[in-house]
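Observations on the three-dimensional arrangement
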Amino acid sequence: TAVQPCLLAMQAFALNEQRAYEAARAAAQKALQLDSRTAWAYHALAHICTETGAFDEAIALLNGTREAWAASVINHHLCWHLGLLFIEVGDEAQALAEFDRGVAAAVSPQNMFALSDGSSLLWRLHLRGVEGLAGRWQLLVEAARSNMLHHRSAFDDLHIAFVLASAASQADAARFLTSRRPSPVSPGSHNNREASPVPPLPTLTRDLCSAMFAYGSGDYAEAVRLLLPLRHSVHRIGGSHLQQRVIILTLLAACQRAADLASMPTSSSTSSSSPSSSSSFSSSSSSAANRAGAAVAAELLSVSPPTPALTAILRRFQHAALAVDSGAQGSASHQG
């Protein structure tokens, strides 16, 4: 029947989220054998290929079948997948082209799905240090402001925070955070933070969004402080593994930038120009940031393909932490 390919595609996606990649691929391919226009099957294959490191295969697949899925309701989402794949292979310009081609036009106050795609893609490019994104962020501001007081889901709020942290005013960010309902906390309940290391979802969401605002303002140490204890709870916001990964990528970028700032020589000019000058940096905090980054990168590698970029990030943190520790030991020996 016409429904069967869609059901197989949904099964493929569910199997991918269970990391049963071979079974997931078989289900997606079966769906396409039944109907080559099944957009959700291409979607499942995009996830499978990304999770297993087959980036070039996925790019060729989605580019080669664009006519089959271009008219589907997830056209913008498959363009988002292509954007992520191009980021993985180091082609940020092509990732931006996918944003322009298929994501930006779909964004509206009524389409949070497209807004989450657009904000996530631009945020990942921002983490990579890509410049010249301001005009594209502005395309998302109206939709973000229209939804920022609704707080329909943790997933939506996180992606609205990406936009507000990048293109809106501090007043918008403050309204967004203060409009969230406080977490109900009662002694002995499962929402009691002292009784359980797992924060209630409203608190988790608030802290994740606050971390994005901290990162956006250049307070990378604060972003690390907020994100590090939450990294094992990100699945609670919903979405796929791939969508949730942007939080871990933010934590890695914050660790790197916090460590870099901490290793800079202190001077009046540096402290006055740095947006993070309120944070107290030292060689010990540089080592802590590098060690945190190494731990997070190793965790991500345990569930992700060992791509050259991710492997390089891990080695960078490990070597930097060792260098700082060696320098500190040498200084102590000299003083002794």
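Residues numbered from 1 in each chain as written. Predicted model: local features only at pLDDT ≥ 70, side-chain atom pairs only at ≥ 80, totals over all residues. Heavy atoms only, no water.

Examining the overall build of the protein
To keep things clear, this is the line we draw: For the purposes of this entry, the term helix denotes a DSSP run of H or I that reaches at least four residues, the term strand denotes a run of E that reaches at least two, and both are numbered from the N terminus. Each residue is placed in one exposure class: buried if its accessible area under a 1.4 Å probe, protein chains only, is under 20% of its type's maximum, exposed if it is over 50%, and partly exposed if it falls in between. To measure how exposed things are, a 1.4 Å probe is used in the Shrake-Rupley method; for residues, cover is taken only from the protein chains shown.
Secondary structure summary: the protein contains 17 helices and 0 strands in total. The burial tally for the protein puts 50% of its 336 residues in the buried class. Within the structure as shown, the protein displays about 15500 Å² of accessible surface, and the carbon and sulfur contribution to it stands at 55%.

Remarks on the confidence of the model for the protein
Rules: pLDDT expresses, on a scale from 0 to 100, how confident the predictor is about each individual residue. Contacts are assigned to residue pairs that have any heavy atoms within 4.5 Å of one another.
Confidence in the prediction of the protein, expressed as mean pLDDT, is 87, and 85% of residues score 70 or more. pLDDT under 50 marks residues 185-196. Its contacts with residues more than four places away, or in other chains, come to 12 contacts.

Observations regarding the packing of helix H10 (residues 154-167) against helix H12 (residues 201-217)
Between two packed helices, both the angle of their axes relative to each other and the distance between the axes serve to describe the pair. As a reminder of what qualifies: Every axis corresponds to a line fitted to the C-alpha atoms, with the helix fit spanning only the stretch in contact, and the corresponding angles, defined between N-to-C directions, vary from 0 to 180 degrees. An angle below 35 degrees is treated as roughly parallel, one above 145 as roughly antiparallel, one from 65 to 115 as roughly perpendicular, and anything else as oblique. Handedness of each helix crossing follows the sense of rotation of the near helix against the far helix: counterclockwise by less than a right angle gives left-handed, clockwise gives right-handed.
Taken N-terminus to C-terminus, the directions of H10 and H12 make an angle of 15 degrees; their axes are 9 Å apart at the nearest point. Put simply, H10 runs roughly parallel to H12. The chirality of how H10 crosses H12 is right-handed. On H12, the residues that touch Ala154, Asp157, Leu158, Ala161, Phe162, Leu164 and Ala165 of H10 are Leu201, Thr205, Leu208, Cys209, Met212, Phe213 and Gly216.

A few points about the nonpolar core
This is how it is decided: Here, nonpolar core means buried Ala, Val, Leu, Ile, Met, Phe, Trp, Tyr and Cys residues that are tied together by side-chain atoms lying within 4.5 Å of each other.
Judged by nonpolar contacts, the single largest core of 104 residues is most densely connected at Leu115, Trp123, Leu125 and Trp137. Broken down by element, this core gets its largest block of residues, 12 residues, from helix H14 (residues 241-262). Discounting residues that sit within four places of it in the chain, Leu125 has contacts with Ile87, Glu92, Ala95, Leu96, Val130 and Leu133.

Let's talk about the pattern of salt bridges
Proximity of charged atoms lets side chains of opposite charge pair with each other. Selection rule: Every case where a carboxyl oxygen of Asp or Glu lies within 4 Å of a side-chain nitrogen of Lys or Arg is listed as a salt bridge.
Counting across every chain of the model gives 12 salt bridges. Asp172 is the partner of Arg145 in a salt bridge, and the nearest nitrogen-oxygen pair spans 2.7 Å. Of this pair, Arg145 sits in helix H9 (residues 134-147) while Asp172 sits in helix H11 (residues 170-178), and the two are 27 residues apart along the sequence. Exposure remark for Arg145: the relative accessible area of 40% places this residue in the partly exposed category. Among the ionic pairs, Arg231 bridges to Glu299, the shortest N-O distance being 2.9 Å. Of this pair, Arg231 sits in the loop between helix H13 (220-227) and H14 while Glu299 sits in helix H16 (residues 283-301), and the two are 68 residues apart along the sequence.

Thoughts on the packing of helix H3 (residues 39-52) against helix H4 (residues 55-64)
Where H3 meets H4, the axes come as close as 8 Å, and the angle between the chain directions of the two elements is 160 degrees. Considering their axes alone, H3 and H4 lie roughly antiparallel with respect to each other. When you trace H3 past H4, the crossing you get is left-handed. In this structure, H3 contributes Tyr42, Leu45, Ala46, Cys49 and Thr50 to the contact, and H4 contributes Phe55, Glu57, Ala58, Leu61 and Leu62.

A few points about helix H2 (residues 21-34)
The condition that has to hold: One fewer than the residue count of a helix, multiplied by 1.5 Å, yields its expected span. Taking the helix axis as origin, the arc is that swept by the directions to the C-beta atoms.
With 14 residues, H2 should cover 20 Å at 1.5 Å per step; its first-to-last C-alpha distance of 20 Å lies within 8% of that length. What H2 keeps buried is the set Tyr21, Ala24, Ala27, Ala28, Ala31 and Leu32. Seen from one end, H2 has its buried residues packed into an arc of 135 degrees, which puts them on one side. Facing away from the buried side of H2, by more than 90 degrees, are the exposed residues Glu22 and Gln33. Contacts made by the buried residues of H2 are with helix H1 (3-17) and H3.

Focus: the environment of Phe176
Residue position: Phe176 is located in helix H11. Take Phe176: its relative accessible area is 0%, and that puts it in the buried class. Excluding residues that lie within four positions of it along the chain, Phe176 makes contacts with Met148, His151, Asp157, Ile160, Ala161, Leu164, Cys209 and Phe213.

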